Amino acid sequence: MEQEIKAEFESSGFSVDDDDQILQKCLTYCINYKLSPSDLVSNWEIYYLNRQLNGLKLENAHMDGFLSYLQNEMKQKIIKEDSHLHVYSSDDIEMLLGDEGILNTPNSQYKKLHVDAYNSVSTPKSKDNLLSSKDTTDISSRITPFGQRISKFSSQFVFNSESVENRLSGQELNDMEDDIIRRVQTTERCNLQVHHLQPLSGCRFMYDRTKDRFNYLDNRIRKHANAFTSYGLYGEPSDATLASQKNTFAVGMVCCDGEGHLNEKSILMQGSTELSGGRRVRLDLQKLAHFSLFPGQVIGVEGHNPSGHCLIATNVIDYLPSSLDVDLPPAKKLAMDQDYQPTSSNDSRVLSLLIAAGPFTTTDNLLFEPLKELLAYASRRQPQLVILMGPFVDSDHPEIKRGTVNRVFDDIFHVEILRKLYDYTKYMGPSARVILLPSIRDAHHDFVFPQPAFDIRQPDDISHQIACLPNPGLFSANEITFGCCTIDVLKQLSGEEISRTSTDTMSGDRMGRLATHILGQRSYYPLYPPSLGVPLDLSLAPEALDIPLIPDILILPSDISPFVKALSHKENDAEAATKCMCVNPGRLAKGIGGGTFVELHYNSEPEKSNASIILI
């Protein structure tokens, strides 16, 4: 039958790799799902077109995704054939069980024990009544694939490994599953200041006009042109659309001549209304040894335009040449610690923190097990700050997309997220701080970008321990500045960037180069037009997208591989570069398994700091 399967693929124009494993897997799929070779190939063609795969060769790397597609198709077929199929909810189970629990099923046992165990271990409410986290792990391991994982809290990457201190040893990791989680010495409370809260909660959106977008883009071009002018090295910016045999300097925004992706023959530069009336001119980059461009990027170009139709570039400056860092007005600072007394600058710029980005539950359930494990780890390590970035109630979760959830999204957020955080902060005491940032994938929150902060009411006894920031957000902790944005801008820039690298430059770090563009453009989202699915509203609070100063730590969660990097942002050709740590913590949950988070110990500057990417 394997040869029949291979013949069917070849008759449809696909070639099969000379690997017996592929045909064996295809045969297994046919047997398990009762498919003929022709049915299997028909399903493959649909999967191939939906995923927009390249090439006509069937490779082993495609098989796992194809299996997931077949499983979903079979599930939908069963549901469609049985129109009277009822999806049971927790309310149905409680009705069957009654108040006395007549039917003592394993699932109900697990649910009760799991909740009780978590309330006692992950976020204990009492120091004298603690349950073994080992019992919790044993209960979870019998039910979910996440509980059956082997590598727990293993370090995947260490930044500045030679300076790592106070790390968990192997014995301490085992102690996390002892009968009693022992408290460590109480940490010092950190000073927290939020620098802006725009847009405000409850704001009206979806009212932006074409005029608002044009004015925002034109203001960006003029801001960069003024910065180049004040620097004085490149001369006064001029109109790039005018024919001239002399070398000129122009400032404009990169555009694409068409609706596709950028290529070297489709690059246009749009000038400001002040200098060129917003007209565009084609860019010729053949004389450049290296460049990195994307749509929406504002650049300075040295070159000449002999015909008036094409600007031949000899130099491209893709960063603001002079520092725009200024002190934020006190009115824009929201003090979270009125009684905080700052110490010396060297002592205060020290901070321990955990950084994690959603989803916070696996795709096979809504138990939020990864979040529980993260808070249990935080209870042991006791960082001064925990930064949690959305999505919290992920709109892409299978159960939410199918509409089989019997709870309101706000209830899921308050019960599964906020209650656990309340218990964590109560147990850890007043020194624990938590920051929450929303995501456009949060089903219970406003679908707009920039995005207002969550509007939550905290209990009086933990007031100001949980801070909600807008997306993007800018805040300071112990005089260390953080910039955060939950839009996957790195992945989107990666799909739109066009670059040429020279052999004599260190340009192999593509992710570092993309993150540097965020700093160089002084914008959390410099890409324009925005990627599909990004609800960009430039009438809401366009200043919220600006980066007024280079942060010490830039947090950009992404679906790409997690990393921690020290970025060198060049302010100009003469001055030393500004150091900034860029962190992509990855996703805390990936599919039905665990993902990653970052534990960071910052000490004045990136060279003295250390960070670890940890598998949950």
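Residues numbered from 1 in each chain as written. Predicted model: local features only at pLDDT ≥ 70, side-chain atom pairs only at ≥ 80, totals over all residues. Heavy atoms only, no water.

1. A look at the overall build of the protein chain
Moving on, step 1. Helix and strand counts for the protein chain stand at 16 helices and 25 strands.
Moving on, step 2. Per-residue burial for the protein chain yields a buried fraction of 51% across its 616 residues.
Moving on, step 3. Expressed as a percentage of contacts within the protein chain between residues at least 6 apart in sequence, the contacts between residues at least 24 apart total 73%. (Helix = DSSP H or I, 4+ residues; strand = E, 2+ residues; numbered from the N terminus. Buried < 20%, exposed > 50% of the residue type's maximum accessible area, 1.4 Å probe, protein only. Contact = heavy atoms within 4.5 Å.)

2. Notes on the pairing of strand E24 (residues 596-603)
Moving on, step 1. The buried fraction of E24 amounts to 7 of the 8 residues, a majority that puts the element mostly inside the structure.
Moving on, step 2. Bridge count between E24 and strand E25 (residues 605-615): 7 bridges; the pairing is antiparallel. Residue pairing for E25: threonine 596 is matched across the bridge by leucine 615.
Moving on, step 3. Adjacent in sequence and paired antiparallel, E24 and E25 are bridged by 1 residue, among which serine 604 carries a positive phi angle near 75 degrees. (Pairing = 2+ DSSP bridges.)

3. Focus: the sheet that holds strand E5 (residues 244-256)
Moving on, step 1. A barrel is described by the order of its strands in space; here 5 strands give the closed sequence E5-E6-E7-E10-E9, paired in mixed fashion. Going from strand to strand, the sheet's axes swing by 55 degrees on average, the running direction of each strand aside.
Moving on, step 2. In the sheet, strand E9 (residues 298-305) pairs with strand E10 (residues 310-317) via 5 bridges, with the strands oriented antiparallel. When the sheet's bridge partners are listed, valine 301 is paired in E10 with valine 316.
Moving on, step 3. Packed on one face of the sheet, helix H9 (residues 210-231) meets E5, strand E6 (267-270), E9 and E10 and runs near 140 degrees to E5. (Axes fitted to C-alpha atoms, helices over the stretch in contact; angles between N-to-C directions.)

4. What about empty space enclosed by the protein?
Moving on, step 1. The tally for this structure, following the rule as stated, stands at 1 cavity of 30 Å³ or more.
Moving on, step 2. As for the largest cavity, its lining consists of 13 residues, of which Asp239, Ala240, Val251, Gly271 and Ser276 are closest to the centre.
Moving on, step 3. Those elements that provide at least two residues to the lining of the largest cavity are E5, E6 and helix H10 (273-276).
Moving on, step 4. When the residues that make up the lining of the largest cavity are grouped by side-chain class, the tally is 6 nonpolar, 5 polar and 2 charged. (1 Å grid on protein atoms, 1.4 Å probe; cavity = no way out; pocket = protein on both sides within 12 Å on 5 of 7 lines; lining within 4 Å. Points joined across faces, edges and corners; volume = space filled by probe spheres on them. Nonpolar A, V, L, I, M, F, W, Y, C, P; charged D, E, K, R; others polar.)

5. Re the packing of helix H1 (residues 2-11) against helix H3 (residues 37-51)
Moving on, step 1. Contact geometry of H1 with H3 gives a least axis separation of 9 Å together with a crossing angle of 45 degrees. Considering their axes alone, H1 and H3 lie oblique with respect to each other. Both H1 and H3 take part in a crossing whose hand is right-handed. Contacts from Glu4, Ile5, Glu8 and Phe9 in H1 reach Pro37, Ser38, Leu40, Val41 and Trp44 in H3.
Moving on, step 2. Across the contact of H1 with H3, the residue classes tally to 6 nonpolar, 1 polar and 2 charged. (Parallel < 35°, antiparallel > 145°, perpendicular 65-115°, else oblique. Left-handed = near helix turned anticlockwise from the far one by under 90°.)

6. Here's the deal with the side chain of glutamate 416
Moving on, step 1. When you line up the elements, glutamate 416 lands in helix H14 (residues 409-428).
Moving on, step 2. A distance of 3.3 Å separates polar atoms of two side chains, one belonging to glutamate 416 and the other to arginine 407.
Moving on, step 3. At 2.9 Å, the side chain of glutamate 416 forms a polar contact with the side chain of lysine 420.
Moving on, step 4. For glutamate 416, the residues in contact, after removing those within four places along its chain, are Leu366, Leu367, Phe368, Leu371, Arg407 and Asp411. (Polar contact = N/O pair within 3.5 Å; in protein donor to acceptor, adjacent residues only side chain to side chain.)

7. Examining helix H15 (residues 489-496)
Moving on, step 1. Among all positions in H15, only Val489, Leu490, Gln492 and Leu493 are buried. Around the axis of H15, the buried residues are gathered within 165 degrees of arc, so they sit on the same side. (Arc of directions from axis to C-beta.)

8. Regarding the packing of aromatic side chains
Moving on, step 1. Applying the stated criterion across every chain, the model contains 21 aromatic pairs.
Moving on, step 2. Between phenylalanine 14 and tyrosine 48 the ring centres are 5.2 Å apart and the planes differ by 80 degrees, which places this aromatic pair in the edge-to-face class. Linking phenylalanine 14 in the loop between H1 and strand E1 (15-16) with tyrosine 48 in helix H3, this pair joins segments that are 34 residues apart in sequence. Here the two residues phenylalanine 14 and tyrosine 48 agree in accessibility, since each one is buried.
Moving on, step 3. Between phenylalanine 228 and phenylalanine 249 the ring centres are 5.3 Å apart and the planes differ by 70 degrees, which places this aromatic pair in the edge-to-face class. On the criterion of sequence distance, the pair formed by phenylalanine 228 in helix H9 and phenylalanine 249 in strand E5 is long-range, its members being 21 residues apart.
Moving on, step 4. A connected cluster of aromatic rings, assembled from ring pairs, spans Phe9, Phe14, Tyr29, Trp44, Tyr47, Tyr48, Phe66 and Tyr69.
Moving on, step 5. The ring of phenylalanine 146 carries the charged tip of arginine 149 above its face, separated from the ring centre by 3.9 Å.
Moving on, step 6. Over the ring of phenylalanine 563 we find lysine 565; its NZ or CZ atom is 5.3 Å from the centre of that ring. (Phe/Tyr/Trp six-rings, centres within 6.5 Å; stacked < 30°, edge-to-face > 60°. Lys NZ or Arg CZ within 6 Å of the ring centre and 35° of its normal.)

9. Thoughts on the sheet that holds strand E3 (residues 154-159)
Moving on, step 1. Strand order in the open sheet formed by 7 strands is E3-E25-E24-E12-E13-E14-E15, and the pairing between neighbours is mixed. On the outer flanks of this sheet lie E3 and strand E15 (466-468), each paired with one strand and no other. Neighbour-to-neighbour, the strand axes of the sheet open up by a mean angle of 20 degrees, direction not taken into account.
Moving on, step 2. Across 5 bridges, E3 lies against E25 in antiparallel orientation. Each bridged residue has a counterpart across the sheet, and for serine 154 the counterpart in E25 is leucine 615.
Moving on, step 3. Across the sheet, helix H12 (residues 369-381) touches strand E12 (350-357), strand E13 (385-389), E24 and E25, and the angle it forms with E24 is around 25 degrees.
Moving on, step 4. Most of the contacts of H14 go to strand E14 (residues 433-437), to which it runs at about 160 degrees, and overall it touches E13, E14 and E15.

10. Brief notes about the pattern of salt bridges
Moving on, step 1. A complete count under the given rule lists 18 salt bridges for this structure.
Moving on, step 2. Across the pair aspartate 239 and arginine 279 runs a salt bridge whose closest N-O atoms are separated by 3.2 Å. Separated by 40 residues along the polypeptide, aspartate 239 in the loop between H9 and E5 and arginine 279 in the loop between H10 and strand E7 (280-284) bring together distant segments of the chain.
Moving on, step 3. A residue is classified by how much of its surface remains accessible, and aspartate 239, at 13% relative accessible area, is buried.
Moving on, step 4. Between arginine 587 and aspartate 559 there is a salt bridge, and its shortest N-O distance comes to 2.9 Å. Here aspartate 559 lies in the loop between strand E19 (553-555) and strand E20 (563-569) and arginine 587 lies in the loop between strand E21 (578-584) and strand E22 (589-590), a separation of 28 residues in the sequence.
Moving on, step 5. Among the residues examined, arginine 587 registers a relative accessible area of 6% and is labelled buried.
Moving on, step 6. Looking at aspartate 559, the relative accessible area reads 41%, which means it is partly exposed.
Moving on, step 7. Where salt bridges share partners, they join Asp394, Asp396 and Arg441 into one cluster. (Salt bridge = Lys/Arg side-chain N within 4 Å of Asp/Glu carboxyl O.)

That's the geometry; what it means functionally is another story.
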